Amino acid sequence: MAVKSVIKGVHIIPMGTSNAYLIEGDDGLTLIDAGFPSKEAAVFGAIRDLGHSPDQLKHLIFTHGHPDHIGSAAAIVRETGARTYLHSLDIPMAQSGGPFRLLKPAPNLLAPVLCNLFFHPNERVEPVTIDQPLTDGELLPVAGGIEVIHTPGHCAGQVALLWRPGRMLFAGDVASNVMGLGDPLGFESLEDGRASQRKLVSLSFDAAGFGHGKPIAHDASTRFRNKWGI
Ligand SMILES: [Zn+2]
Ligand SMILES: [Zn+2]
C-alpha cells in the first residue's frame, strides 16, 4: 500500500493491522512506531516514495513497547542508524524482545476474540536497543517539537506524542479508530487507561493518528471530548 499524507508533513504508513507515521522535519525524518516484524520494507518504500533515502531517518519514537509497534525496529535501525526513544517502563520488553506483559480484553463483545488473535504475550521479536528513555511532560527537540504525555493503561510505558508544529496527536494504543473512536483491544489496567483517555481530552490538537485504524485530519480534539469528556 502506498504512503498517504494525513496533514502537511505527516504520512501514514500502513503496515498490515497496525500503522506507523513518518514526519518530515527540518532535522530529517522521524518515524513513529515500527509495526510487526518483517514490515521494514513498507517503511523504506515510503521513505523512497517521498523522495528521501533511508539514511535520512534520524529518529524512531515508539508509543509503547508492544510487538506490533517495535517488531521491525531492529531492522529499521540497522539500515538507517535512527536514534530510538521509548518510555522507561517499556524499555526492558523492547530490549529483550519479549515476553510481553499480559493484557485483559477491553470491555466490549469483540475484544476477547480480537485480543487473543492479535496479542500474544509470549511472542518474541528481535530486540531493539533504546537510546533515550522518554519521560512525561518533556518536549523533544525533534521535528520542531514533540511533547511526551505519559498515558498508561493499555501498556505501562504507553505515551501519546503531540507534534506541535502540525498540532497532531499520535495516540498509539490509548485509543483506536477502527470502527469509530474507541478503546484499544486490551488494557493492563482499565482504570489507568480511562484516566489516560481523559488526559488526552484536556489537550488541544487538530489531527490524530492511532496505532490501529484511520487517522483523523481535522477537529480530532472535539471527537475525543465527545467520547471521553466529562
Ligand atoms: Zn499495544
Ligand atoms: Zn498496537
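Up top you'll find the structure we're talking about.
Report on the accompanying structure. Predicted, not measured: the structure shown is a model, and the values here were computed from it. (Residues numbered from 1 in each chain as written. Chains lettered and ligands numbered in written order. Predicted model: local features only at pLDDT ≥ 70, side-chain atom pairs only at ≥ 80, totals over all residues. Heavy atoms only, no water.)

Observations regarding the overall build of the protein chain
The condition is simple: Helix numbering and strand numbering both begin at the N terminus, where a helix is a DSSP run of H or I of at least 4 residues and a strand a DSSP run of E of at least 2. Here the globule rule reads 2.2 Å times residues to the power 0.38, and the radius of gyration is calculated from C-alpha atoms. In this scheme, a residue with accessible area under 20% of its type's maximum is buried, one over 50% is exposed, and one in between is partly exposed, where area comes from a 1.4 Å probe on protein chains only. Only heavy atoms matter for contacts: two residues are in contact if any of them lie within 4.5 Å across the pair. Each accessible area is a Shrake-Rupley estimate made with a 1.4 Å probe; only the visible protein chains count as cover when residues are assessed.
Each helix and strand counted, the protein chain has 7 helices and 14 strands in total. Scaling as 2.2 N^0.38, a compact globule of 230 residues should have a C-alpha radius of gyration of about 17 Å, and the protein chain matches this with 16 Å. Each of the three principal axes of the protein chain carries a C-alpha extent, and together these read 45 × 40 × 35 Å. In the protein chain, which comprises 230 residues, the share counted as buried stands at 55%. Long-range contacts, defined here as pairs at least 24 residues apart, represent 63% of the contacts in the protein chain between residues at least 6 apart. Accessible surface computed for the protein chain: about 9800 Å², of which carbon and sulfur atoms make up 55%.

Concerning the side chain of His69
Stated formally: We define a polar contact as two N or O atoms separated by no more than 3.5 Å, with the added condition that, inside protein, one atom must be a possible hydrogen donor and the other a possible acceptor, whereas residues neighbouring each other in sequence contribute only through side-chain atom pairs.
Turning to its location among the elements, His69 is positioned in helix H2 (residues 67-70). Look at His69 and you get buried, because its relative accessible area is 0%. Polar side-chain contacts of His69 include one of 3.2 Å to the side chain of Asp68. Of note is the side chain of His69, whose polar atom sits 3.1 Å from the side chain of Asp173. Residues within four places of His69 in sequence aside, it is in contact with Asp33, Ala34, Gly35, Phe62, Thr63, His64, Asp173, Gly211 and His212.

Focus on the layout of surface pockets
The line we're drawing: A cavity here means a set of points on a 1 Å grid, drawn over the protein atoms and nothing else, where a 1.4 Å probe fits but cannot get out; a pocket is an open set with protein on both sides within 12 Å along at least five of seven lines, and a residue lines either one if it has an atom within 4 Å of a point. Grid points are joined across faces, edges and corners, and a volume is the space filled by probe spheres set on the points. Three residue categories are used. Nonpolar comprises Ala, Val, Leu, Ile, Met, Phe, Trp, Tyr, Cys and Pro, charged comprises Asp, Glu, Lys and Arg, and polar comprises the others, including Gly.
Estimated volume of the largest pocket: approximately 880 Å³. Along the wall of the largest pocket there are 34 residues; nearest its centre are Thr17, Ser176, Val178, His212 and Gly213. Of all elements in the fold, only strand E1 (4-7), strand E2 (10-15) and helix H5 (111-118) reach the threshold of two or more residues within the lining of the largest pocket. If one sorts the elements of the lining of the largest pocket by residue count, H5 sits on top with 3 residues. When its residues are assigned to classes, the lining of the largest pocket shows 17 nonpolar, 12 polar and 5 charged.

Points about the pairing of strand E5 (residues 57-61)
Regular strands show a simple pattern: their side chains alternate between the two faces of the sheet. As a reminder, the rule being used: At least two bridges found by DSSP between two strands is the condition for calling them paired. Looking down the strands as they point away from the viewer, one classifies a crossover as right-handed if the path from the first strand across the helix to the second runs clockwise.
The buried count for E5 comes to 4 of 5 residues, which makes it a mostly enclosed element. With 4 bridges joining them, strand E4 (residues 28-32) and E5 adopt parallel strand pairing. Residue Leu29 lies in a different strand from E5, and its bridge partner there is Leu57. Taking the sense of rotation as the criterion, the β-α-β connection linking E4, helix H1 (residues 40-49) and E5 turns out right-handed. With 3 bridges joining them, E5 and strand E6 (residues 83-87) adopt parallel strand pairing. Along E6, the bridge assignment pairs Leu60 with Thr84.

Description of the coordination of the zinc ion (ligand 2)
Operational definition: Metal donors: N, O and S atoms at distances within 2.8 Å, or within 3.2 Å for Na, K and Ca, with water omitted from the atom set so that some sites may seem incomplete. Under the classification used here, a metal with four donors is tetrahedral if each angle lies between 85 and 135 degrees, square planar if opposite donors are over 155 degrees apart and the others between 65 and 115, a six-donor metal meeting that same test is octahedral, and anything else is irregular.
The protein atoms that coordinate the zinc ion (ligand 2) are Asp68 (OD), His69 (NE2), Asp173 (OD) and His212 (NE2), at distances spanning 2.1 Å. For the zinc ion (ligand 2), the 4 donor atoms are set out with angles of 85 to 156° between them, so the coordination reads as irregular. Each donor residue of the zinc ion (ligand 2) belongs to the same chain, with the gaps between them written as D-H-x103-D-x38-H. The metal-metal distance between the zinc ion (ligand 2) and the zinc ion (ligand 1) comes to 3.4 Å, with Asp173 coordinating both. With a gap of 144 residues between them, Asp68 in helix H2 and His212 in the loop between strand E14 (207-209) and helix H7 (220-228) connect regions that are remote in the sequence. The two residues Asp68 and His212 agree in class, both being buried.

Quick word on the coordination of the zinc ion (ligand 1)
For the zinc ion (ligand 1), the protein coordination sphere consists of His64 (NE2), His66 (ND1), His154 (NE2) and Asp173 (OD), at 2.1 to 2.5 Å. Around the zinc ion (ligand 1) sit 4 donor atoms, and with donor-metal-donor angles ranging over 88 to 174° the site reads as irregular. Read from N- to C-terminus, the donor residues coordinating the zinc ion (ligand 1) fall into the pattern H-x1-H-x87-H-x18-D. A relative accessible area of 4% means that Asp173 is categorised as buried.

Quick notes on the packing of helix H6 (residues 190-201) against H7
What counts is decided by this rule: Note on geometry: axes are C-alpha line fits, over the in-contact stretch for helices, and angles between N-to-C directions span 0 to 180 degrees. Roughly parallel refers to an angle under 35 degrees, roughly antiparallel to one over 145, roughly perpendicular to one between 65 and 115, and oblique to any angle outside these ranges. Take the far helix as your reference; a near helix turned counterclockwise from it by less than a right angle gives a left-handed crossing, and one turned clockwise gives a right-handed crossing.
Interaxial distance between H6 and H7 falls to 9 Å at its minimum, and their mutual angle equals 140°. In terms of orientation, H6 and H7 fall into the oblique class. In this structure, H6 crosses over H7, and the sense of that crossing is left-handed. Across the interface between the two elements, Arg194, Gln197, Arg198, Leu200 and Val201 of H6 pack against Phe224, Arg225 and Trp228 of H7.

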